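# Reading the structure
Next come the chains, spelled out residue by residue.
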Amino acid sequence: MAIPVIDFSKLDGEERAMAMAQIANGCQEWGFFQLVNHGISVELLEKVKRVTSECYKLEREEKFFKNSAPVKLLKELVEKKTVEKLENIDWEDVFLLSDDNEWPPKTPGFKETMTEYRAELKKLAEKLMEVMDENLGIPKGYIKKAFNGGEGEKAFFGTKVSHYPPCPNPEMVNGLRAHTDAGGVILLFQDDKVDGLQILKNGQWIDVQPIPNSIVINTGDQIEVLSNGRYKSVWHRVNVMQNGTRRSIASFYNPSYNATMEPAKELMEKENEEVNQLGYPKFMFGDYMSVYTKQKFQPKEPRFQAVRTL
């Protein structure tokens, strides 16, 4: 079973209706799908691969294997000759790029390339959100406006650059523990040689197949809320491998911390309004994140209940 692969360029041609239906199916039945012909040049994507790999080699790899907690803890576990597994830590080197934080300083061309890439990804995210608006039957620009807390550009757009190094004992540690994403729309540029990403579908873990230069899309908890449960966020995880370093560049179009999240009025039928009071609450995204940071790897339903009482 393979997750849907959608040709995004078909939105601008005679096959638009088919592409819209494929995206609706990807959101509603899967929560994950891959976009090809998405408008981001292969040349830029190749530069992104190069600078992120160089950054890891130059600025991150040695520190991971010398000083990181997962390496130390795994070594201790192996020395104990136990069959236990490290459950509360991930075999991941990760840092965040946003407009407000410090970027890796030593890798030539890193900032210029990733700034251009992030700008292209943000445009793609906004185009995709408009497709979701149309498929859900809500006003054009609704999701973007909700995430920005009104007009303006207050939504958060962050990029998580992760590497999952080869692990001598992959059965004893997680690459990234299973979770759903807290925010809105996630756009992942994954490694096209080293796999490991899986999603939970009908009780079964299935691989997200690497396709060169595709962008993997998944919807987060806030899209689930805005769509009144039509587009559900999906559990996913990363398994570590014994050979090869997996590169993973995930960009998040998330609500502003001050944005109010609730199901779109158009998706709440009058007769169901009372029912919804028992379903998705109305809350500020910042409050949700306060709960999520403590409960990321636990089921999402108690998080919705927790913000209801705040």
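Just so we're clear, the structure is a prediction, and the values are computed from it rather than from any experiment.

Let us look at the overall build of the chain. Scanning the chain from terminus to terminus reveals nine helices and 15 strands. Against the compact-globule benchmark of 19 Å for 310 residues, the chain has a radius of gyration of 20 Å, which places it among compact chains. In the chain, which comprises 310 residues, the proportion classed as buried is 52%. Counting only contacts in the chain whose residues sit at least 6 apart along the sequence, the fraction spanning at least 24 positions is 80%.

Turning our attention to the nonpolar core. The biggest cluster of nonpolar side chains holds 62 residues, and the ones touching the most others in it are Ile 23, Met 114, Tyr 117, Phe 147 and Leu 187. With eleven residues, the top contributor of residues to this core is helix H4 (residues 110–136). Once residues within four sequence positions are removed from consideration, Met 114 is found in contact with Val 48, Val 51, Thr 52, Leu 97, Trp 103, Thr 159 and Ile 249. In this structure, Phe 32, Val 234, Val 238 and Phe 252 belong to the second largest nonpolar core, which totals 16 residues.

Summed over the entire model, instances satisfying the criterion amount to twelve aromatic pairs. Taken together through their ring pairs, the aromatic side chains of Tyr 280, Phe 283, Tyr 288, Tyr 292 and Phe 304 make up a single cluster. Across the ring face of Trp 30, the terminal group of Lys 201 is positioned such that the distance to the ring centre comes to 4.5 Å.

Our focus in this paragraph is the sheet that holds strand E2 (residues 32–36). Pairing in this open sheet of seven strands is mixed, and the strands run E1-E2-E11-E8-E13-E5-E4 from one edge to the other. The sheet terminates laterally at strand E1 (5–7) and strand E4 (93–97), the two strands that pair on one side only. Put simply, the sheet's adjacent strands are angled 25 degrees from each other on average, direction ignored. As paired elements, E1 and E2 share three bridges and run parallel to each other. Following the sheet pairing, Asp 7 is matched in E2 by Val 36. Of the strands in this sheet, E2, E4, strand E5 (156–164), strand E8 (185–190), strand E11 (215–219) and strand E13 (246–254) are in contact with H4, which crosses E13 at around 55 degrees.

Attention now moves to the layout of surface pockets. Volume-wise, the largest pocket comes out at about 640 Å³. Lining the largest pocket are 31 residues, and of these Lys 160, His 179, Asp 181, Phe 252 and Lys 296 sit closest to its centre. Those elements that provide at least two residues to the lining of the largest pocket are E4, E5, strand E7 (176–179), E8, strand E12 (236–238), E13 and helix H8 (285–295). At five residues, E13 tops the list of elements feeding residues into the lining of the largest pocket. Residue classes in the lining of the largest pocket are distributed as 18 nonpolar, eight polar and five charged. Considering only enclosed or pocket space, the second largest pocket measures out at about 190 Å³ in volume. Among the elements of the structure, helix H1 (16–30) and strand E9 (197–201) are those that each provide at least two residues to the lining of the second largest pocket. Of the residues forming the lining of the second largest pocket, the biggest block, four residues, is contributed by H1. In terms of residue class, the lining of the second largest pocket is built from five nonpolar, three polar and three charged.

Attention now goes to the UniProt feature "domain: Fe2OG dioxygenase" (unreviewed entry) in the chain. Under the feature "domain: Fe2OG dioxygenase" (unreviewed entry), the UniProt entry names residues 155–255. Taken end to end, residues 155–255 comprises 6% helix and 47% strand; its first and last C-alpha atoms sit 5 Å apart.

The antiparallel open sheet is built from four strands, whose spatial order is E7-E12-E9-E10. Of all the strands in the sheet, just E7 and strand E10 (204–207) have a single pairing partner and so form its edges. Looking at each pair of strands side by side, their axes are set apart by 25 degrees on average, direction ignored. Here E9 pairs with E10 via four bridges, running antiparallel. The partner of Leu 200 across the bridge, within E10, is Trp 205.

The next point concerns the packing of helix H2 (residues 42–67) against helix H3 (residues 69–79). Packing of H2 against H3 leaves a shortest axis separation of 6 Å and a crossing angle of 35 degrees. Judged by the twist between their axes, the crossing of H2 over H3 is right-handed. For the pair formed by H2 and H3, the contact residues are Phe 64, Phe 65, Lys 66 and Asn 67 on the first element and Ala 69, Pro 70, Val 71 and Lys 72 on the second. Considering only residue class, the contact of H2 with H3 consists of five nonpolar, one polar and two charged.

Checked against the element boundaries, Thr 159 lands in strand E5. Within the local environment of Thr 159, its side chain forms a polar contact with the side chain of Ser 251, the two groups lying 2.9 Å apart. For Thr 159, the contacting residues outside a window of four places in its chain are Phe 95, Leu 96, Leu 97, Met 114, Arg 118, Ile 249, Ala 250 and Ser 251.

We now examine the environment of Gly 109. Summarising the element assignment, Gly 109 is placed in the loop between E4 and H4. Judged by relative accessible area, Gly 109 falls into the partly exposed class, the value being 30%. Once the C-alpha coordinates of Gly 109 and Arg 50 are considered, the two residues, 59 residues apart in sequence, prove to be 9.7 Å apart.

Cut-offs used in this document
- Residues numbered from 1 in each chain as written.
- Predicted model: local features only at pLDDT ≥ 70, side-chain atom pairs only at ≥ 80, totals over all residues.
- Heavy atoms only, no water.
- Helix = DSSP H or I, 4+ residues; strand = E, 2+ residues; numbered from the N terminus.
- Rg over C-alpha atoms; globule rule 2.2 N^0.38 Å.
- Buried < 20%, exposed > 50% of the residue type's maximum accessible area, 1.4 Å probe, protein only.
- Contact = heavy atoms within 4.5 Å.
- Core = buried A, V, L, I, M, F, W, Y, C linked by side-chain atoms within 4.5 Å.
- Phe/Tyr/Trp six-rings, centres within 6.5 Å; stacked < 30°, edge-to-face > 60°.
- Lys NZ or Arg CZ within 6 Å of the ring centre and 35° of its normal.
- Pairing = 2+ DSSP bridges.
- Axes fitted to C-alpha atoms, helices over the stretch in contact; angles between N-to-C directions.
- 1 Å grid on protein atoms, 1.4 Å probe; cavity = no way out; pocket = protein on both sides within 12 Å on 5 of 7 lines; lining within 4 Å.
- Points joined across faces, edges and corners; volume = space filled by probe spheres on them.
- Nonpolar A, V, L, I, M, F, W, Y, C, P; charged D, E, K, R; others polar.
- UniProt positions renumbered as here; feature names shortened; annotations may be inferred.
- Left-handed = near helix turned anticlockwise from the far one by under 90°.
- Polar contact = N/O pair within 3.5 Å; in protein donor to acceptor, adjacent residues only side chain to side chain.

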